There are 2 protein chains.
Amino acid sequence: MGKIYVVGLGPGADMQMTMEAKAAVKQCGIIVGYTVYVDLVKEEYPDKVFLTTPMTQEVKRCQMAFEEAQKGQDVAMICSGDAGIYGMAGLMLEVGKEYPEIEVEIVPGITAANGGAAVLGAPLMHDFAVISLSDLLTPWEKIEKRVKAAAMADFVICLYNPSSRKRKDYLKKACEMMLEYKSGDTVCGTVRNIGRDGEESQIMTLSRLKDTEVDMFTTVFIGNEQTIEINGKMVTPRGYRNV
Amino acid sequence: MGKIYVVGLGPGADMQMTMEAKAAVKQCGIIVGYTVYVDLVKEEYPDKVFLTTPMTQEVKRCQMAFEEAQKGQDVAMICSGDAGIYGMAGLMLEVGKEYPEIEVEIVPGITAANGGAAVLGAPLMHDFAVISLSDLLTPWEKIEKRVKAAAMADFVICLYNPSSRKRKDYLKKACEMMLEYKSGDTVCGTVRNIGRDGEESQIMTLSRLKDTEVDMFTTVFIGNEQTIEINGKMVTPRGYRNV
């Protein structure tokens, strides 16, 4: 019986994989993943078997991994970022209910919140909330409630999936909700293509963010009351005591 | 003029460092850090200069790093977890105001939220809030407001610093607040010594968590309405659509 590793590759560059993630991919004979991520590692490992399914075939992808493990091979299910944060870890454990004899290990990775924060400076030094604006699997009312609650309690907020072709105005809507509780001067930041070619970031006020268009490759950070800009970096001081 | 890398070492084991973090530490002649973390890497790099300051001397530690960089050496300021999440990144950029000529790069790492989630299963598959219960630098009223808002909006909640010698009952207090909004049956998990010797985890209900004593090496996860236990793992399904 093989073992399954669910491996987060980090936000982009190979250098943001952990040593553990690297070792897990290396030791597995079979790599399963979404086509785009498999292409990222394919060249490096010409001797492995690669199995892919397209975007909406996630359940099938998980089943494939378990079936290969049943045949005796160690399998790496790969995804970008951290497998445990809006990634494949949950679905793998859900599908794994049908395969209780197969051991599944989750290997954590750098998610866009951590990776994007490092690009911008240090926005997540204090309590923060991570919210996806995608309403594909979540009712919009629930997202709305979370955005408002996080803004009301002065969390730093990190938004995943801030936009898509069908949801062009979602970031604007979220900003409008946050502006009920946060000042228009709140320091915000956007990071696009974290850890990849063409990585770019911007720091701006919440008022300006409201009228900024971002795409699906962008992660958005909204500061708390104390967040400031220092030498072009977005910084949330750790505490309420002066340095 | 040297460059400064602020490097998160991950939650414990060397294997949870990213390749980038490893490379940054390797290339720097000088390693600065809190005594405990410096001891973690000291053995591996006998040829480097190590500078440490104790717990409350963080500002001095940052100044030391900048002074060494001014002398022309590349410096790694190391801390555990992710430097950008309750770590040293923010303070370094704040102190860096006085040294605008020195370049500072933040190298992200695996924080306890990501690392602990992987040990428990996949609790952070949906929107989550990270809150520190330490009131050393934050008024308790602010912490209380955040715990309540996060519970009210059905976030998965990850608690850092859930306890200390002086704050033995803080987790209990936080659980009582969450129980105003979350069911006593909510699936919760605790992880101690993430990625280190003696790593241990437990899954339990929120009602039981309320009466559980944890220490300062523990990270606590409280599920959302949908979080379930599958084969001994804590899993928050990604969305509201059935698998």
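Our structure's up above, just so we're on the same page.
Let me sum up the structure you'll find in this document. As a convention, each chain's residues are numbered from 1 in the sequence order in which they are written. Throughout, the order in which chains and ligands are written sets their labels, letters from A for the former and numbers from 1 for the latter. pLDDT decides what is reported in this predicted model: residues at 70 or higher carry local features, side-chain atom pairs at 80 or more are listed and counted, and totals for whole chains, interfaces and linings draw on all residues regardless. Hydrogens and waters are ignored; side-chain quantities use all the structure's heavy atoms.

Further remarks concern the nonpolar core. Within the largest apolar cluster, 52 residues are counted, with the highest numbers of intra-cluster contacts made by A:M178 and B:M178. Contact definition: two residues touch when any of their heavy atoms are within 4.5 Å. Excluding anything up to four places from it in sequence, A:M178 contacts A:V147, A:A151, A:I157, A:L159, A:L206 and A:I222. To form a nonpolar core, buried Ala, Val, Leu, Ile, Met, Phe, Trp, Tyr and Cys residues must be joined to one another through side-chain atoms within 4.5 Å. Relative accessibility decides the category of a residue: with a 1.4 Å probe and only protein chains considered, values under 20% of the type maximum give buried, values over 50% give exposed, and everything between is partly exposed. Formed by 38 residues, the second largest nonpolar core is a distinct cluster that contains A:Y160, A:V191, B:V191 and B:I194.

All names here are of chain B. Should DSSP find at least two bridges between two strands, the strands are regarded as paired. Numbering goes from the N terminus for both helices and strands, where a helix is a DSSP run of H or I of at least four residues and a strand is a run of E of at least two. With respect to topology, 3 strands assemble into an open sheet ordered β6-β13-β12, the strand pairing being mixed. Looking at strand neighbours, the two that pair on one side only are β6 (121-122) and β12 (228-230), the edges of this open sheet. Pairing of β12 with strand β13 (residues 233-235) involves 3 bridges; the strand directions are antiparallel. Its bridge partner lying in β13, E229 is registered against M234.

Take chain A, turn it by 180°, move it 0.0 Å along the axis, and it overlays chain B with an RMSD of 0.0 Å. Put plainly, the chains are arranged around a two-fold axis. Only residues with pLDDT of at least 70 in both copies count here: their C-alpha atoms drive the least-squares fit that superposes the copies.

Residue and element names in this part refer to chain B. Packing of helix α6 (residues 140-152) against helix α7 (residues 170-178) leaves a shortest axis separation of 9 Å and a crossing angle of 40°. Between α6 and α7, the interaxial angle falls into the category oblique. The handedness of the crossing between α6 and α7 is right-handed. Facing W140, E144, V147, K148 and A151 of α6, the residues of α7 in contact are Y170, K173, A174, M177 and M178. For every element, the axis is a line fit to its C-alpha atoms; helices are fit only across the contacting stretch, and the angle between N-to-C directions ranges from 0 to 180 degrees. Orientation is classified from the angle alone, with under 35 degrees giving roughly parallel, over 145 giving roughly antiparallel, 65 to 115 giving roughly perpendicular, and any other angle giving oblique. By convention, the crossing between two helices is left-handed when the near helix turns anticlockwise from the far helix through less than a right angle, and right-handed when the turn is clockwise.

Turning next to the pairing of strand β1 (residues 4-8) of chain B. Residue and element names in this part refer to chain B. Counting buried residues along β1, 5 of its 5 residues qualify, which places the element largely inside the surrounding structure. As paired elements, β1 and strand β4 (residues 75-79) share 5 bridges and run parallel to each other. Residue V6 lies in a different strand from β4, and its bridge partner there is M77. Two strands pair when backbone bridges link them, and β1 and strand β5 (residues 104-107) are joined in this way by 4 bridges, in the parallel orientation. Residue pairing in the sheet places V7 in a bridge with V107 of β5.

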